[in-house]
Every structure is written in structure tokens, then in C-alpha cells.
Amino acid sequence: MSAVVETTGRAGLPLSPARLQRLVLFVTGLIFPLGLFGLWWVASARGWLPEQILPPPAYVYQAGRDMILSGELLYHTGVSLGRVVVGFTIGAGLGLLLGIAMGLSERVEDYVKPLFLAFAQIPTLGWIPLLMLLVGIEESLKIIIIAKGAIVPMTMNTLAGVRGVPPKYLEVGRALRFSRWQTLRLIVLPAAVPSIFTGIRYGLTHSWTSLVGVELLASSEGLGYLLVWGRQMFWLDTVIVAMIAIGLVGFVMDKGLDRTELLIQRWKRREL
């Protein structure tokens, strides 16, 4: 008989070891941000830095509340999210197709991969000066930069996933006389799902950071623009609110993808 964990949750029910471990990890993850917040509060309360450089938490809270009630923060967040959805969809879609093509054909990989790796070595923001000359500073620039942030991790992880399909799976497909399309749809893509999701997570993270970077340089709306506007006006509380919003949105997107991947993996295990 397995040992009963003495730690109890609501209604006196025992916590399973897995839930207890998640609870410990959650509490541990709060230590650093709470410690940082405490240091910020003490530094502002004792005047270690001027309020113009380090505004007190109360000022930041009030600024964030005002920006939420006025709709300003939600508007700029919505603009940034809309750009990411479009740019990431384009970049991830191209990366998926390119990764599959290189994974299925060594000839395509021989022709494409060297140039692609050279393209990947140039930082995303390094393309901005050239793209400004080609497409200007309007929405096209932002979409291209976001797409570039997604295409590299998506391509490389899809390639790794396709190449990592166990040979015995492919042998089963040949035994069943699957067509090339059936092999791709029923064997290759399902087996490559973990690597593809890794590419999606990294691609979305790179897209989000690339968006903020390009909005810092060439935008009149969005969370990156809020950072620049707050710095120019020396409203450091606005800058911190925008930073918190950027971090929270990125965190929620990453956790959402993490949960989606877990659900897919559970569904696959039940199917098996």
C-alpha cells in the first residue's frame, strides 16, 4: 500500500505527491519576484533613488489603474497582440513548410540549409535598417520582423522533429502501402508534434520580443511605443506598467502553449 501524504488540501483531502511538488515549485517561483518587489518598496520608501528614477509601487499601481480604466493599456496591448498574431502565423507557417521540406528531402536541405543558417545568424533587429528602406516604417515592417523571429526556431525544430521519426514507424507505413501524403499526415507529423510545439513556443517568444524591439524604434502605438513615450516624457511609472504588461502577456502566451501541448500529449497517450 502506498504511503499517504499527510499534507492536506481543501476539505481535508490529502494532496498527491505530484500536486504537492507543483505547489512547492509555485511557491519557490514566487520567492524572487516577491523579494524584488520588497527591495523596490524599501528603496523607494527610504529614498535611495529619486522618484523620477524609481517611482514608488503606489505610483505605478495608480498609473496602471488609470491606464486600464481609460482603456489606453488595453488598446496598446491589443495592437501589439494583433501584430504578433499576423506575423507569427506567417512566420510559423513558412517555418513549418520549410522544416518539413528539408526533413523529407536531403536535396532540399543541401540547397536551402546553408543559406538559411546564414540568414538565421543575423539578429532579427539587425534587419530593421534595410527593411526600413525597402518597406518603410508602417505595418509591413513590423509584420516582417515578427515573422522573421518565428521562422527560424520553427524551421529548425520542425526539421529535427521530422528527422527524428523512428524508422520503425516509417516501415509500418511502407508495409501498409501509404502514399507520401498519408505517410506525412498519419506518421511523420504526429510523431514530430513535440518538436513542432517546441518550435512554436520558441517562435512565439522570439516574435513577441521582436515586436517590442521594432515598436521601440518605429511605431506610434503598441506596448513598445508606450515604453518609448514614457521614457521621453520621463514618466517612469508608465514605463514600468508597460514592462509589466509585456512580461505578463508573454508569460500567459507561453503557459497557454504549455498547457495545450500537455493536453495534446495526454490525448495521444489515450489514443495509443
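Worth saying up front: this structure is predicted, and the values here are computed from it rather than measured.

Caption draft 1: Spotlight on the UniProt feature "domain: ABC transmembrane type-1" (unreviewed entry) in the protein chain. If you check UniProt for "domain: ABC transmembrane type-1" (unreviewed entry), the listed places come out as residues 77-254 in our numbering. Between the C-alpha atoms that bound residues 77-254 the distance is 16 Å, and the span itself is 85% helix and 0% strand.

Caption draft 2: Local environment of the layout of surface pockets. For the second largest pocket, the calculated volume is near 260 Å³. Taken together, 13 residues line the second largest pocket, and the ones lying closest to its centre are Leu104, Leu170, Arg180, Thr183 and Val188. Elements with a minimum of two residues in the lining of the second largest pocket: helix H3 (72-104), helix H6 (139-163), helix H7 (167-175) and helix H8 (180-191). Ranked by residues supplied to the lining of the second largest pocket, first place goes to H8 with four residues. The class makeup of the residues in the lining of the second largest pocket is seven nonpolar, three polar and three charged.

Caption draft 3: Spatial organisation of the pattern of salt bridges. What the rule picks out here adds up to seven salt bridges. For Arg201, the salt bridge is made with Asp254, and the minimal N-O distance between the two is 2.9 Å. On the criterion of sequence distance, the pair formed by Arg201 in helix H9 (residues 193-217) and Asp254 in helix H11 (residues 236-271) is long-range, its members being 53 residues apart. Here the salt bridges do not stand alone but share partners, grouping Arg83, Glu139, Glu215 and Glu221 into one network.

Caption draft 4: Quick peek at the UniProt feature "transmembrane region" (unreviewed entry) in the protein chain. UniProt's feature table lists "transmembrane region" (unreviewed entry) at residues 23-43, 84-104, 116-137, 143-162, 183-202 and 234-253, given in the numbering used throughout. In the segment residues 84-104, helix accounts for 100% and strand for 0%; the C-alpha atoms at its two ends are 29 Å apart. The annotated region residues 234-253 carries 90% helix and 0% strand content, and the separation between its end C-alpha atoms amounts to 30 Å.

Caption draft 5: Up close: the packing of aromatic side chains. This model, assessed by the stated rule, comprises four aromatic pairs. Ring centres of Phe116 and Phe119 lie 6.1 Å apart, and the angle between their planes is 40°; on these two criteria the pair is classed as tilted. Highlighted residues: Phe116 and Phe119, both in helix H4 (residues 106-121), separated by three residues, approximately one helical turn. Ring geometry for Tyr225 against Trp229: centres 6.3 Å apart, planes inclined by 20°, an arrangement best described as stacked. Of this pair, Tyr225 and Trp229 both sit in helix H10 (residues 223-232), four residues apart, roughly one helical turn.

Caption draft 6: Structural context of the nonpolar core. Core analysis: the largest hydrophobic core is formed by 34 residues, its most contacted members being Leu73, Phe88, Trp208 and Leu223. Excluding residues within four positions of it along the chain, Leu73 makes contact with Met67, Ile68, Leu223, Leu226, Val241 and Ala245.

Caption draft 7: Layout of the side chain of Glu215. If you trace the backbone, Glu215 turns up in helix H9. What makes Glu215 buried here is its relative accessible area of 1%. Polar side-chain contacts of Glu215 include one of 2.6 Å to the side chain of Arg83. One polar contact links the side chain of Glu215 to the main-chain amide nitrogen of Leu223, over a distance of 3.3 Å. Excluding anything up to four places from it in sequence, Glu215 contacts Ser80, Arg83, Glu221, Gly222, Leu223, Gly224 and Tyr225.

Caption draft 8: Region of interest: unusual backbone geometry. The phi dihedral of Arg177 is positive, around 60°, even though this residue is not glycine. Inspection of the secondary structure assignment puts Arg177 in the loop between H7 and H8. Residue Arg177 is classed as exposed on the basis of its relative accessible area of 77%. In this structure, Phe234 takes a positive phi of about 60° despite not being glycine. Within the element layout of this structure, Phe234 appears in the loop between H10 and H11.

Caption draft 9: Main features of the environment of Ala242. Mapped onto the elements, Ala242 comes out in helix H11. Its relative accessible area of 0% is what places Ala242 among the buried residues. With 46 residues separating them along the chain, Ala242 and Ile196 place their C-alpha atoms 31 Å apart. Ignoring sequence-local partners within four residues, the contact set of Ala242 consists of Leu223, Leu226 and Leu227.

Caption draft 10: Molecular detail of helix H2 (residues 57-70). Taking 1.5 Å as the rise per residue, H2 with 14 residues should run 20 Å; its terminal C-alpha atoms sit 20 Å apart, in good agreement. Pro57, Val60, Ala63, Gly64 and Met67 are the residues of H2 that are buried. One side of H2 carries all its buried residues, which in axial view fall inside an arc of 125°. Residues Ala58, Tyr61, Leu69 and Ser70 are exposed on H2 and point more than 90 degrees away from its buried face. Two residues or fewer past H2, Gly71 is found with a positive phi of approximately 85°.

Quick notes on the rules
Residues numbered from 1 in each chain as written. Predicted model: local features only at pLDDT ≥ 70, side-chain atom pairs only at ≥ 80, totals over all residues. Heavy atoms only, no water. UniProt positions renumbered as here; feature names shortened; annotations may be inferred. Helix = DSSP H or I, 4+ residues; strand = E, 2+ residues; numbered from the N terminus. 1 Å grid on protein atoms, 1.4 Å probe; cavity = no way out; pocket = protein on both sides within 12 Å on 5 of 7 lines; lining within 4 Å. Points joined across faces, edges and corners; volume = space filled by probe spheres on them. Nonpolar A, V, L, I, M, F, W, Y, C, P; charged D, E, K, R; others polar. Salt bridge = Lys/Arg side-chain N within 4 Å of Asp/Glu carboxyl O. Phe/Tyr/Trp six-rings, centres within 6.5 Å; stacked < 30°, edge-to-face > 60°. Core = buried A, V, L, I, M, F, W, Y, C linked by side-chain atoms within 4.5 Å. Buried < 20%, exposed > 50% of the residue type's maximum accessible area, 1.4 Å probe, protein only. Contact = heavy atoms within 4.5 Å. Polar contact = N/O pair within 3.5 Å; in protein donor to acceptor, adjacent residues only side chain to side chain. Expected span 1.5 Å × (residues − 1). Arc of directions from axis to C-beta.

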